[in-house]
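# Observations on chain architecture
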Amino acid sequence: MHRILFVCHGNICRSTMAQFVFSDMAARAGRDDFIVDSAATSCEELGNPPHPGTVAKLREEGVAVGAHRARQIGRDEYGEWDLIVYMDRENERNLKRILGGDPEGKCVKLLALAGKNRDVADPWYTGDFDATYRDVTIGCRALLDRFDS
């Protein structure tokens, strides 16, 4: 079983989108060997459901949106995940602070998996959930392909 945690700042836009997109891709590929969740590096949105823009975009794309409430990653979680996939450089800095480092090299930027040296577009600031969906899809496809090789 592969355990993957997607992480962004508030856990209501990008990381939840990645959680549901990756779960959908895996299911469509007939893969049931993943445990997938998402979390925040901040405590700003704790307990809140996914952003309405995230939900609307996923429904438009036919991706199921499961029950989820924003939560913050804890230092004690590091050992529970095979990969901790973050969305941008700020998430990376905050993860290292929260986790006390990344001694096993589990933390990776989502778009780096697809050979892209940029952050996932943040719809909290842009309002562009289409661009975020494109970025998330590119990264999640590359991640799933990583397990197929």
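Residues numbered from 1 in each chain as written. Predicted model: local features only at pLDDT ≥ 70, side-chain atom pairs only at ≥ 80, totals over all residues. Heavy atoms only, no water.

What follows covers the overall build of the chain. Across its full length, the chain holds five helices and four strands. Taken from the N to the C terminus, the helices and strands of the chain come in the order β-α-β-α-β-α-β-α-α. For a compact globule of 149 residues, the expected C-alpha radius of gyration is about 15 Å, and the chain comes in at 14 Å, within 12% of that figure. Considered along the principal axes of its C-alpha atoms, the chain spans approximately 40 × 35 × 30 Å. Here the chain has roughly 7,100 Å² of accessible surface; of this, 47% comes from carbon and sulfur atoms. When the 20 basic and 24 acidic side-chain charges of the chain are each reduced to a single mean position, those positions are 2 Å apart. (Helix = DSSP H or I, 4+ residues; strand = E, 2+ residues; numbered from the N terminus. Rg over C-alpha atoms; globule rule 2.2 N^0.38 Å. Areas by Shrake-Rupley, 256 points an atom, 1.4 Å probe, with all protein chains shown as cover. Lys, Arg positive; Asp, Glu negative; His and termini not counted. Charge placed at Lys NZ, Arg CZ, Asp CG, Glu CD.)

Turning our attention to the nonpolar core. For soluble globular proteins, nonpolar side chains are generally found buried alongside one another. Ile4, Phe6, Val21, Phe22, Val85, Val136 and Cys140 are the most contacted members of the largest nonpolar core, which has 30 residues in total. Per-element tally for this core: the top contributor is helix H1 (residues 14-28), with seven residues. Residues Val7, Ile73, Tyr78 and Trp81 belong to the second largest nonpolar core, which totals 12 residues. (Core = buried A, V, L, I, M, F, W, Y, C linked by side-chain atoms within 4.5 Å. Buried < 20%, exposed > 50% of the residue type's maximum accessible area, 1.4 Å probe, protein only.)

What follows covers the packing of H1 against helix H5 (residues 129-148). At a closest axis distance of 9 Å, the pairing of H1 and H5 adopts a crossing angle of 50°. One element, H1, and the other, H5, form an angle in the oblique class. For the pair H1 and H5, the sense of crossing is right-handed. Of the residues in H5, those touching H1 at Arg14, Met17, Ala18, Val21, Phe22, Met25 and Ala26 are Phe129, Thr132, Tyr133, Val136, Thr137, Cys140, Arg141, Leu143 and Leu144. Its residues placed into classes, the contact of H1 with H5 shows 12 nonpolar, two polar and two charged. (Axes fitted to C-alpha atoms, helices over the stretch in contact; angles between N-to-C directions. Parallel < 35°, antiparallel > 145°, perpendicular 65-115°, else oblique. Left-handed = near helix turned anticlockwise from the far one by under 90°. Contact = heavy atoms within 4.5 Å. Nonpolar A, V, L, I, M, F, W, Y, C, P; charged D, E, K, R; others polar.)

Right, let's talk about the pairing of strand S1 (residues 2-8) for a bit. It is a general feature of regular strands that their side chains alternate between the two faces of the sheet. Burial of S1 is extensive: five of the seven residues sit out of reach of the surface. Relative to strand S2 (residues 34-40), S1 is paired through seven bridges, and the arrangement is parallel. Following the sheet pairing, His2 is matched in S2 by Phe34. Crossover connection from S1 via H1 to parallel S2: handedness right-handed. (Pairing = 2+ DSSP bridges. Right-handed = clockwise from strand over helix to strand, strands pointing away.)

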